[in-house]
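What follows is the residue order along each chain.
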Amino acid sequence: MAIASLLLVSLLAGLSMCAIRGASNDQLEVYSWWTGPGEEEGLAAMAKAFEAANPGVRFVNAAVSGGAGSNAKAILASRLLANDPPDSYQRHAGLELLDDVRSGKVHDVSDLYDEQGWREVFPKGLLDNLTIDGKIYAVPVNIHRANLLWYNPQTLRDLGIQEPPKNWAEFLAQAEAIQAKGKVALAVGPEWTQKHLMETVLLGELGPNGYESLFNGNLAWTTPQVSSALDTFAKVLAVSDVKSASGDWQPQIDRVVQGSAVYAVMGDWASNYLEQTKKLRFGETYGAVASPGTDGVYDFLSDSFTLPTGARRPDLSRKWLVECGSAAGQNLFNPLKGSIPARTDADAALYQGYLGWALQQWRDPKTRIVGSLTHGVVANNAYNAEIDSALGLFVQHGDLGKFARTVQQQFRETQ
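What you see is a predicted model; the values in this text were computed from it and never measured.

1. With respect to the sheet that holds strand β6 (residues 139-140)
Part 1: Spatial ordering of the open sheet is given by β2-β1-β3-β13-β6, a layout of five strands whose pairing is mixed. A strand with exactly one partner marks an edge of an open sheet, and here the two such strands are β2 (58-61) and β6.
Part 2: Across the sheet, helix α2 (residues 39-53) touches β1 (27-31) and β2, and the angle it forms with β2 is around 160°.

2. Side note on helix α3 (residues 70-81)
Part 1: Helix length check: α3 (twelve residues) gives 17 Å between terminal C-alpha atoms against 16 Å at 1.5 Å per residue, within 8%.
Part 2: All of the buried residues along α3 are N71, A72, I75, L76, R79 and L80. Seen end-on, α3 carries its buried residues on one side only, within an arc spanning 165°.

3. Details of the nonpolar core
Part 1: Counting residues in each nonpolar core, the largest one holds 126 residues, and the members touching the most others are L197, M198, W221, Y263 and W320.
Part 2: In terms of residue count, the dominant contributor to this core is helix α10 (residues 191-216) (nine residues).
Part 3: In this view, M198 contacts W221, L230, F233, L373, I387, L391 and F403; residues no more than four positions away in its chain are not counted.

4. Overview of the packing of α10 against helix α17 (residues 381-397)
Packed helix pairs are specified by the crossing angle of their axes together with the interaxial distance, meaning the distance between the axes.
Part 1: Direction vectors running N to C along α10 and α17 enclose 115°, while the axes themselves pass 11 Å from each other. Between α10 and α17 lies a crossing whose hand is right-handed. Residue-level inspection shows E191, Q194, K195, M198 and F215 of α10 in contact with α17, the latter providing Y383, N384, I387, D388, L391, G392 and V395.
Part 2: Along the lines of polarity and charge, the residues of the contact of α10 with α17 split into six nonpolar, three polar and three charged.

5. A word on the environment of S240
Part 1: Relative to the helices and strands, S240 resides in the loop between α11 (224-238) and α12 (249-258).
Part 2: Relative accessible area serves as the criterion here: at 13%, S240 is assigned to the buried category.
Part 3: A C-alpha to C-alpha distance of 6.7 Å links S240 and V188, two positions 52 residues apart in sequence.
Part 4: Here V242 takes part through its backbone nitrogen, which lies 3.2 Å from a polar atom of the side chain of S240.

6. What about the packing of aromatic side chains?
Part 1: Following the criterion strictly, the structure yields 27 aromatic pairs and no others.
Part 2: Geometrically, the ring pair formed by F305 and W320 is edge-to-face, given 5.7 Å between the ring centres and 80° between the ring planes. In this pair, F305 sits in strand β13 (residues 303-305) while W320 sits in helix α14 (residues 314-325), placing the two residues 15 residues apart along the sequence.
Part 3: These aromatic residues form a ring-pair network of at least three members: W34, F50, F59, F305, W320 and F333.
Part 4: Residue placement shows K73 over the ring face of W33; its charged tip is 5.0 Å from the ring centre.
Part 5: One Lys or Arg, R145, reaches over the ring of Y298 and ends 4.6 Å from the middle of that ring.

7. Examining the environment of T232
Part 1: With respect to the secondary-structure elements, T232 resides in helix α11.
Part 2: Along the chain, T232 and V201 lie 31 residues apart, while their C-alpha atoms are 7.4 Å from each other.
Part 3: Apart from the residues lying within four places of it in its own chain, the contact partners of T232 are W168, V201 and E205.

8. Re the pattern of salt bridges
If charged atoms from side chains of opposite charge come close, those side chains can pair.
Part 1: The tally for this structure, following the rule as stated, stands at 18 salt bridges.
Part 2: Measuring nitrogen to oxygen at the nearest pair gives 2.8 Å for the salt bridge that ties R312 to D87. Remark: D87 occurs in the loop between α3 and β3 (88-92) and R312 occurs in the loop between β13 and α14; sequence separation between them is 225 residues.
Part 3: Residue D87 is classed as buried on the basis of its relative accessible area of 0%.
Part 4: Salt bridges sharing common partners tie together E29, R79 and D84.

9. Brief notes about the confidence of the model for the protein
Part 1: Scored by pLDDT, the protein has a mean of 93; 93% of the residues are at 70 or more.
Part 2: Low pLDDT (under 50) marks residues 1-23, which in the prediction has 19 contacts with non-local residues, meaning those over four places away or in another chain.

10. Considerations on the sheet that holds strand β11 (residues 287-290)
Part 1: Read across the open sheet, the four strands follow the order β9-β10-β8-β11; overall the sheet is mixed. Lying at the two open borders of the sheet, with one neighbouring strand each, are β9 (184-187) and β11. When the angles between neighbouring strand axes are averaged without regard to direction, this sheet yields 25°.
Part 2: As defined by bridge partners, strand β8 (residues 148-151) adjoins strand β10 (residues 261-265) across three bridges and the pair is classed as antiparallel. By the bridge assignment, W150 is partnered in β10 with A264.

What counts and how
- Residues numbered from 1 in each chain as written.
- Predicted model: local features only at pLDDT ≥ 70, side-chain atom pairs only at ≥ 80, totals over all residues.
- Heavy atoms only, no water.
- Pairing = 2+ DSSP bridges.
- Helix = DSSP H or I, 4+ residues; strand = E, 2+ residues; numbered from the N terminus.
- Contact = heavy atoms within 4.5 Å.
- Axes fitted to C-alpha atoms, helices over the stretch in contact; angles between N-to-C directions.
- Expected span 1.5 Å × (residues − 1).
- Buried < 20%, exposed > 50% of the residue type's maximum accessible area, 1.4 Å probe, protein only.
- Arc of directions from axis to C-beta.
- Core = buried A, V, L, I, M, F, W, Y, C linked by side-chain atoms within 4.5 Å.
- Left-handed = near helix turned anticlockwise from the far one by under 90°.
- Nonpolar A, V, L, I, M, F, W, Y, C, P; charged D, E, K, R; others polar.
- Polar contact = N/O pair within 3.5 Å; in protein donor to acceptor, adjacent residues only side chain to side chain.
- Phe/Tyr/Trp six-rings, centres within 6.5 Å; stacked < 30°, edge-to-face > 60°.
- Lys NZ or Arg CZ within 6 Å of the ring centre and 35° of its normal.
- Salt bridge = Lys/Arg side-chain N within 4 Å of Asp/Glu carboxyl O.
- pLDDT = per-residue confidence, 0-100.

Next up, the structure:
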């Protein structure tokens, strides 16, 4: 992080801490990085409902913008280190929370799951990925899907492509024909989007069992099976525009909208962007399918909230978590955010277009749920950082063997 950014983070952290020292006991400070269109309105709707249910309590929105959440996380780290936590804060569900659990910064909220009946309305695959050493420390408010392939139906028609590829071998075959007609087969963005792409290729090539084994240590990165999947990833990257990658995911998606690139792999926050900003319609002027080889698999990530150790009003924090996990709260938030509820008993009528399709898939008992690597579910922060470093070197130099050996070694050293 640049020096100017660090100074800004330190200043914001100091201002935030000063505000809390003067805070009264009749307010709840909730910390997040939700400042963008849709998510900001969704949080405001939940805050309004929380205040109505708790007369006299003021909801303090302590959201911090910038860096796709990195600024918020940096300030939060300073506050947690100073034992000055907000009353609840946002994390991605899964092992992104592991450091906070190990350092005693969050309370076990498993009892809320029993009290509120959440074990009956959250899918088992989600509960499994929320559980750390037999306990649950966060409440998910939404679900996003990572393993999606986005396209412009008109571009496919113009190229004579009948449908998106079912697997990565089919994608590579399509890519030859696409390149012959002067288009890019796959748009990519900055390094995290390339990691996101690698995640979906691994899932498509290894299947959900192999994918989960890779991240729980039962399958080594250096095995022939994984080497073959990584080789596929290298071939996919080679037919992308990685040498002129977009600066962020929105311009990555823009290339697909404009037709200069045919496909993009991205999470389903893209649907809100396509519908609200680009004014497109799912199934008509934009399309999305499960990324190649992953039909019937839901590679999820989830925004969740915690009960921090040292919260000023833990009673209010628990009430906020109940709001987050409730059907009413999730149905207030998700249609505005452009995500779906974690609960399987949501009012389906509230979710149309892409979200209606996504909710149907999420609720299907035959859907296999796995957790996202890139978005904090299946790898702790230290391991994820090592994968980032190794992947950056691979993209530059193309040494698959070195990448696999490095990542395998770092798995052993970061657990």
